[in-house]
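A look at the structure
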Amino acid sequence: MIKKELAHIRKQFKLDHDLLKLYDILNVYITKDSEEIYHYECQPFALLDREKQELYMGNFKKLLAGELDQKLFELKFQEDAEEPTKVLLHQGMVTGDTEEWMNLMLVLVEKMLKDNKYERDTVVTFVRGQYFRPTKARNDEAEETGKDEMFSHLFILCSVNSTEQPRNTLLFDYVEREFKYNVIVDPIIKLSTPDQGFFYPSVTDNASDVNRILYCAGKPNDPNFRFIDQVLNAEKTVTALEERDYFEEIVKEVAGEQLDAATIAQMYEGVHHVIETSESEEPPKLDYKDVQELLTASGVENVTAAKVEQAFQTVIDDRNYELKASSVMPKFTTKSIKIETKVATVSVSPQDLKYVKQVNYRGKKCLLIEVDEDVVIEGFTLSTETL
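Only a predicted model underlies this, so the values are computations on that prediction, with no experimental measurement involved.

In total, this model carries 13 aromatic pairs according to the counting rule given. Plain terms: the ring middles of F77 and Y200 are 6.0 Å apart, the flat faces sit at 65° to each other, and that makes the pair edge-to-face. Taken together, the residues span a long stretch of sequence, with F77 in the loop between β3 (72-76) and α3 (85-94) and Y200 in strand β9 (residues 196-200) at a distance of 123 residues. Between the aromatic rings of Y215 and F227, the centroid separation amounts to 6.1 Å while the plane-to-plane angle is 40°, which identifies the pairing as tilted. Linking Y215 in strand β12 (residues 212-217) with F227 in helix α5 (residues 225-231), this pair joins segments that are twelve residues apart in sequence. Taken individually, Y215 and F227 each receive the classification buried, so the pair is uniform in this respect. Each residue in the set F13, Y56, F60, Y131, F155 and F199 is aromatic and connected to the rest through ring pairs, giving one cluster. The ring of F225 carries the charged tip of K236 above its face, separated from the ring centre by 5.2 Å.

Below, the structure is given as structure tokens:
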């Protein structure tokens, strides 16, 4: 799955969208510290009240929001899993029998409950549907439009949402003209902040990939590995944050602990160039040879392919590992790098890091930032000193 395919899927989740059909929705209520399903309810999505449809649609869009490898992870299914979830999901996707689909999803919920305790009451929501994508761009001048031919994708989406107890409130009754203490005992389902979920199957080159699943974490770089392994029976993933740590440790192994800002800036510019010039729709990756060329071009001395290869083996335990270029650096054009000192925290983008230096002034370490305009603090323009 690539960003374009993910973006297209997100766009479909709107009410009354002509390229999205939602058939059935199943809600399963799980009480905390329970090993059994407390209640479940299945019905056609079209029969829900409009307000409920909007709430669920907002939940689905929130679940699918975020960056790949940070909050959304495309995972391969394990090949040797017993009672694999892949088979269960595929059967549920292709069946035309609503009751069979419901029963298969309930089996999946049982896997969620096995050897696991929830801290709060939880609602697991499943929806099955179909979305369409034109095979070509629409041409209004032609007799046939892009909508005459479609890629069709059946899917199952799952959202896991915890609940919270509502706060008791003080209300004013306009009719009786009195203040009333309102006690609410029904738990609130937190649809706006899903804990986790998945979208099955993944999509590759506009084709459904039944051997992969899109796992959706509740927070960036915080996937639930137990859920991935024991419930989805998918292979463990590596987050973008972990890959960035790999890259930093590899560079330290090769170049040492200390680098000047100009070298770091050149290194990030080199990674950005790889991303921008890649002609493949798949995210570009960096092996040890690419990292060796990158460090050499950044001015790091005495770098050899063998040295970098050994660093890959030391840090990752895999000399042939390939790092995703987009994962090894902060966002290039935003102030994504934080320079923290005892006095202040400065935010700067990787592309502007070349304007920052650490210097020794009168025996003290100082941060020097090149600026092309006067600095204004609380309305006062700083005077310029000549060092």
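We are not done yet, so read on.
Attention now goes to the pairing of strand β16 (residues 345-348). Where strand β15 (residues 337-340) meets β16, four bridges bridge the pair, whose relative direction is antiparallel. Its bridge partner lying in β16, I339 is registered against V346. Where β15 folds back on β16, the antiparallel hairpin that results is connected by four residues.

Among the structural elements, F199 can be located in strand β9. Taking the C-alpha atoms as reference points, F199 and R128, separated by 71 residues in sequence, lie 9.9 Å from one another.

Looking now at the pairing of strand β17 (residues 356-361). Of the pairings in the sheet, the one linking β17 to strand β18 (residues 364-369) comprises six bridges and is antiparallel in character. Note on β18: the bridge partner recorded for N360 is K365. From the end of β17 to the start of β18, which pair antiparallel, there are two residues, and R362 there has a positive phi angle of about 55°.

Looking now at the environment of R226. Its location among the elements puts R226 in helix α5. Owing to a relative accessible area of 27%, R226 belongs among the partly exposed residues under this scheme. Each C-alpha atom, one on R226 and one on K236, is 9.4 Å from the other, the two residues being ten residues apart in sequence. Not counting chain neighbours up to four residues away, the residues in contact with R226 comprise K111, M112, K114, D115, N116 and V231.

Here the largest pocket is characterised by a volume of approximately 2000 Å³. A class-by-class count of the residues in the lining of the largest pocket yields 26 nonpolar, seven polar and 16 charged.

The subject of this paragraph is the pattern of salt bridges. Summed over all chains, the structure comprises ten salt bridges. Linking D69 and K324 is a salt bridge whose minimum nitrogen-to-oxygen distance equals 2.7 Å. Highlighted residues: D69 in the loop between α2 (50-63) and β3 and K324 in strand β14 (residues 323-324), separated in sequence by 255 residues. By sharing partners, the salt bridges in this structure join D16, R50 and E54 into a single network.

Here the bond from Y200 into P201 is cis, since omega is -5°, no more than 30 degrees from zero. Mapped onto the elements, P201 comes out in the loop between β9 and β10 (202-204). In this structure, N233 takes a positive phi of about 55° despite not being glycine. As for its placement among the helices and strands, N233 is situated in the loop between α5 and α6 (240-255). With a phi close to 50°, E378 is a non-glycine residue in the positive phi region. Residue position: E378 is located in the loop between β19 (376-377) and β20 (380-381).

Let us now look at the nonpolar core. Among the nonpolar cores identified, the biggest contains 34 residues, and L89, M105, M112, V124, F126 and F198 are the most heavily contacted of them. The element that contributes the greatest number of residues to this core is helix α4 (residues 98-113), accounting for nine residues. In this structure, M112 is in contact with Y118, V124, F126, C158, R226, F227 and V231, ignoring residues within four places of it in sequence. The next biggest cluster of nonpolar side chains, apart from the first, holds 31 residues, and it includes V251, A261, L286 and I337.

Calculation criteria
- Residues numbered from 1 in each chain as written.
- Predicted model: local features only at pLDDT ≥ 70, side-chain atom pairs only at ≥ 80, totals over all residues.
- Heavy atoms only, no water.
- Phe/Tyr/Trp six-rings, centres within 6.5 Å; stacked < 30°, edge-to-face > 60°.
- Helix = DSSP H or I, 4+ residues; strand = E, 2+ residues; numbered from the N terminus.
- Buried < 20%, exposed > 50% of the residue type's maximum accessible area, 1.4 Å probe, protein only.
- Lys NZ or Arg CZ within 6 Å of the ring centre and 35° of its normal.
- Pairing = 2+ DSSP bridges.
- Contact = heavy atoms within 4.5 Å.
- 1 Å grid on protein atoms, 1.4 Å probe; cavity = no way out; pocket = protein on both sides within 12 Å on 5 of 7 lines; lining within 4 Å.
- Points joined across faces, edges and corners; volume = space filled by probe spheres on them.
- Nonpolar A, V, L, I, M, F, W, Y, C, P; charged D, E, K, R; others polar.
- Salt bridge = Lys/Arg side-chain N within 4 Å of Asp/Glu carboxyl O.
- Core = buried A, V, L, I, M, F, W, Y, C linked by side-chain atoms within 4.5 Å.

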